There are 2 protein chains.
Amino acid sequence: MDIKKVNSMDFGEFVDVFGNVIERCPLIAAAVWSQRPFSDLEDLKKHFFAFIDALPQSGQEGILRCHPDLAGSELRRGTLTAESQREQSGAGLTTLGADERLRLAELNAQYRARFGFPFVLAARFSDRAAVSRELARRLLCPSAQELRTALGEVKKIGSLRLADLLRADPAKL
Amino acid sequence: MDIKKVNSMDFGEFVDVFGNVIERCPLIAAAVWSQRPFSDLEDLKKHFFAFIDALPQSGQEGILRCHPDLAGSELRRGTLTAESQREQSGAGLTTLGADERLRLAELNAQYRARFGFPFVLAARFSDRAAVSRELARRLLCPSAQELRTALGEVKKIGSLRLADLLRADPAKL
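This one's a predicted model, so the numbers in the text were calculated from it and none came from an experiment.

Caption draft 1: Region of interest: the overall build of chain A. Broken down by element type, chain A carries 10 helices and 0 strands. For chain A, the sequential pattern of α-helices and β-strands runs α-α-α-α-α-α-α-α-α-α. Relative to its length of 173 residues, chain A is compact, with a C-alpha radius of gyration of 16 Å against a globular reference of 16 Å. In terms of overall dimensions, chain A has C-alpha extents of about 50 × 35 × 30 Å along its principal axes. Across chain A, every contact between residues at least 6 apart in sequence was considered, and the portion connecting residues at least 24 apart equals 67%. Of the accessible surface of chain A, which amounts to about 7900 Å², a share of 51% is contributed by carbon and sulfur atoms. Side chains of chain A give 25 positive and 23 negative charges; the mean places of these two sets differ by 2 Å.

This is how it looks when you write it as structure tokens:
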């Protein structure tokens, strides 16, 4: 799909295609449509990120709270979005042993209790060993720093999803 | 459900229960959770509305774009949210004759083309005759006024959904 095609979409099509660039936040894609036309993938990405950055802190936390746990109950129940399912599967999180799953579940619960949002990580840049190592590390970070880190991960995930949709080369992002 | 129960929810439960108070915008419920504890239904409602009011115009338009058409393709395909299905059904929009459906579809299309968002109306305060009369009337309003009107309808819908969830008396809202 090229940018001309993107710019020709009515808001219904646009939200259908880009509604999950930010996990379970179709509102953001629906808002970004107001900024068309877009010059290229980079420009489209810029508008998604600008919307996130302009939200009050509660809204930024809200975005994080729309994300599932990694290797959590939604993976087990099969209720992940297609994008999340692919990303978690690619990082090897669908084939964890019982011990690893339990360890991650405990860390996820501690993280949620500490920060009030779930642990978010661009799983495609990671693997099963790195996920729990990174979770354990970030669990100890100060809250304000952790919010920034987590939103950075949301943007990495969004970049990769946008690149997939426009069939761009992720290495160029 | 009383307010004590609401205040005891972790964000996962809260988003599960209140995620569709604003149609297809779980981000908003997820953001509102940051403002707990809530003193009562009125206070909870206030935080939902304050979040909407604080969004940039693109975000407010984004909320509207997450709404389905009344008596539109989603109703026919059966892909409405449970809340929308109930509301549209209660207003008699599921049993329109072919002529009425066609007339509404034409008006909806004109409205979307004119304003860049779908026609939103609190259907529970309306009936099939009033819907197309109101659509035809609002189609002629200035854009800035229509955005305000439409967001007012989003808030009416949200009030009714919150009241349902807390089993409050809608007459007292």
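The structure having been displayed, the exposition proceeds.
Caption draft 2: Structural view of the UniProt feature "domain: Oxo-4-hydroxy-4-carboxy-5-ureidoimidazoline decarboxylase" (unreviewed entry) in chain A. According to UniProt, the positions carrying the feature "domain: Oxo-4-hydroxy-4-carboxy-5-ureidoimidazoline decarboxylase" (unreviewed entry) are residues 7-163 of chain A. The span residues 7-163 of chain A shows a helical share of 66% and a strand share of 0%, and its end C-alpha atoms are spaced 16 Å apart.

Caption draft 3: The arrangement of the domain arrangement of chain A in detail. Residue and element names in this part refer to chain A. What the domain assignment reports for chain A is domain 1 (3-62 + 165-172) and domain 2 (69-160). Taking the mean C-alpha position of each, domain 1 and domain 2 sit 23 Å from one another. Facing 13 residues of domain 1, the contacting portion of domain 2 comprises 14 residues. Between domain 1 and domain 2, a total of about 1200 Å² is buried, with carbon and sulfur atoms accounting for 59% of that surface. Between the two partners, domain 1 and domain 2, sit 2 salt bridges. Between Glu74 and Arg24 there is a salt bridge; the shortest N-O distance is 2.8 Å. Inspection of the region where domain 1 meets domain 2 yields 6 residue pairs in polar contact (both at pLDDT 80 or more). Tallied by class, the residues present in the side of domain 1 that touches domain 2 amount to 5 nonpolar, 3 polar and 5 charged.

Thresholds applied
Residues numbered from 1 in each chain as written. Chains lettered and ligands numbered in written order. Predicted model: local features only at pLDDT ≥ 70, side-chain atom pairs only at ≥ 80, totals over all residues. Heavy atoms only, no water. Helix = DSSP H or I, 4+ residues; strand = E, 2+ residues; numbered from the N terminus. Rg over C-alpha atoms; globule rule 2.2 N^0.38 Å. Contact = heavy atoms within 4.5 Å. Areas by Shrake-Rupley, 256 points an atom, 1.4 Å probe, with all protein chains shown as cover. Lys, Arg positive; Asp, Glu negative; His and termini not counted. Charge placed at Lys NZ, Arg CZ, Asp CG, Glu CD. UniProt positions renumbered as here; feature names shortened; annotations may be inferred. Domains from an automatic or database assignment. Buried area = accessible area lost by both parts, 1.4 Å probe. Salt bridge = Lys/Arg side-chain N within 4 Å of Asp/Glu carboxyl O. Polar contact = N/O pair within 3.5 Å; in protein donor to acceptor, adjacent residues only side chain to side chain. Nonpolar A, V, L, I, M, F, W, Y, C, P; charged D, E, K, R; others polar.

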